Amino acid sequence: MKEQLLAIKQTALKAMSEAKTLQEIEDIRILYLSKKSEISSLMSKLRDLPQEERPAFGALVNQVKTEIELALYEKKGKLEEEALNQLLATEKIDVTLPGYQFYQGQIHPLNQVIEDIEDLFIGLGYEVADGPELENDHYNFEMMNLDKDHPARAMQDSFYVDENTLLRTHTSPVQARTMLLKKGAPLRIICPGKVYRRDDDDPTHSHQFMQIEGLVIDEKITFAHLKDALLTMVRHLFGSERTIRLRPSYFPFTEPSVEVDVSYQKKDGTTGWIEVLGAGRVHPNVLKMGGYDPDHYQGFAFGIGVERIAILRYAIDDIRHFYTNDVRFLSQFKGVNR
Ligand code: FA5
């Protein structure tokens, strides 16, 4: 039986050295190491041997099995490595092939304008405030000195969710919210955000647009402070040669009020004006409702139309380009500010 065992080992090792594929190795494993192999059947014949020879034969069977196992794993490893090398050789990457051109986006022109204006005002000591787009009638109108039956409400008709909840018509409600938050302390804020109106869309009007609200409350604030802030902004945005025009206007939340136009050169060479913002001194009623004593504190406020600034800055002929998301339009504003 011992000779038979050693003969099996020799045949197994020879078959292994001649094996060329992983499948052949697997066949050898089944033939020599599985439960139905010749070696296993020799093991079952152990009880035919005299008692004293059984331990030595058992040990020999195990040793032969281990030797075959080791040789098998070594050969398997070699064949696997060869197979991998072959695969690597056939799947070589051609690093000279041109790469894919990934489309790189950029900041939307309206956000570029907002960031630019934010940078300027932060540098002047203003904080950036925020407020909800879905607003209560109370903040959007009443705290802005427009009670329920005020005729000026008609100019800002909006999209109502229910009787008291609407998509805000301007960023001015953030004035009221911030005043209440600051509890009577001096403040200086700007607030960019989306606003909504039931306006008919045309080249300079959209039913959804962006505003930047500005509000300053402190002691001894005059109209000259407002004019200085607006001139600083216009010069920052358009250069020192641009002029502004202040037209008397009416807002229930400011007194006196103005509308501010910026000059631009028309195609025929003449000077045109485009209205970019409304502004004024904060109305005493608004101060009172916000928790400020109008005999002690004054303020100025403004609401800039972001699209109008962008129209002037980039010479855009139609506000709707900003919202139709045509990549050919948007990709022209790559890093304009940067
Ligand atoms: C207001 O919305 C006031 N809340 C502004 C204000 C704030 C005045 C603080 C005083 C103090 P007005 O409706 O004029 O005002 O809008 C302000 C700016 O938003 C306009 O000057 C214009 O630039 C822009 N704007 C108004 N309506 C539209 C529209 N439909 N589409 C695009 N821009 C618009």
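These lines cover the structure that appears in this document, whether it is placed above or below. What you see is a predicted model, and the numbers here were worked out from it, not measured in a lab.

Here we look at the site of the ligand
Neighbouring the ligand are 27 residues, the closest being H170, R197, D199, S206 and E275. With respect to the ligand, the side chain of R197 contributes an N or O atom lying 2.8 Å from an oxygen atom. One of the backbone N or O atoms of V276 is found 3.1 Å from an oxygen atom in the ligand. When the ligand sits alone it has 680 Å² of accessible area, and the protein chains cover 96% of it. Among the detected pockets, the ligand sits in the largest pocket. Looking at the shell around the ligand, the elements that each hand over two or more residues are β6 (208-218), β8 (254-265), β9 (271-282) and β10 (298-305). If one sorts the elements of the shell around the ligand by residue count, β9 sits on top with 5 residues. Within the shell around the ligand, the residues separate by chemical class into 9 nonpolar, 12 polar and 6 charged.

Quick word on the sheet that holds strand β2 (residues 134-136)
Strand order in the open sheet formed by 3 strands is β2-β4-β3, with antiparallel pairing between adjacent strands. Across the chains shown, the open sheet's two edge strands, defined by having one partner strand only, are β2 and β3 (160-162). Strand-to-strand twist in this sheet, taken as the mean axis angle between neighbours without regard to direction, amounts to 30 degrees.

Structural notes on the pattern of salt bridges
Opposite charge on two side chains lets them pair, provided their charged atoms get close. Under the criterion given, the structure shown has 16 salt bridges. In this structure, R313 and D116 form a salt bridge, with 2.7 Å as the shortest nitrogen-oxygen distance. Placement of R313 in helix α10 (residues 306-314) and of D116 in helix α5 (residues 109-123) is noted, with a sequence separation of 197 residues between them. Since its relative accessible area comes to 23%, R313 is described here as partly exposed. Given the relative accessible area of 12%, D116 is considered buried. Between E275 and R247 there is a salt bridge, and its shortest N-O distance comes to 3.9 Å. With E275 in strand β9 and R247 in strand β7 (residues 244-251), the pair connects residues that are 28 residues apart, well separated along the chain. E275 sits in the partly exposed class, given a relative accessible area of 31%. Relative accessible area serves as the criterion here: at 27%, R247 is assigned to the partly exposed category.

How each quantity is defined
- Residues numbered from 1 in each chain as written.
- Predicted model: local features only at pLDDT ≥ 70, side-chain atom pairs only at ≥ 80, totals over all residues.
- Heavy atoms only, no water.
- Near = heavy atom within 4 Å.
- Polar contact = N/O pair within 3.5 Å; in protein donor to acceptor, adjacent residues only side chain to side chain.
- Areas by Shrake-Rupley, 256 points an atom, 1.4 Å probe, with all protein chains shown as cover.
- 1 Å grid on protein atoms, 1.4 Å probe; cavity = no way out; pocket = protein on both sides within 12 Å on 5 of 7 lines; lining within 4 Å.
- Sits in = over half its atoms within 2 Å of the grid points.
- Helix = DSSP H or I, 4+ residues; strand = E, 2+ residues; numbered from the N terminus.
- Nonpolar A, V, L, I, M, F, W, Y, C, P; charged D, E, K, R; others polar.
- Pairing = 2+ DSSP bridges.
- Axes fitted to C-alpha atoms, helices over the stretch in contact; angles between N-to-C directions.
- Salt bridge = Lys/Arg side-chain N within 4 Å of Asp/Glu carboxyl O.
- Buried < 20%, exposed > 50% of the residue type's maximum accessible area, 1.4 Å probe, protein only.

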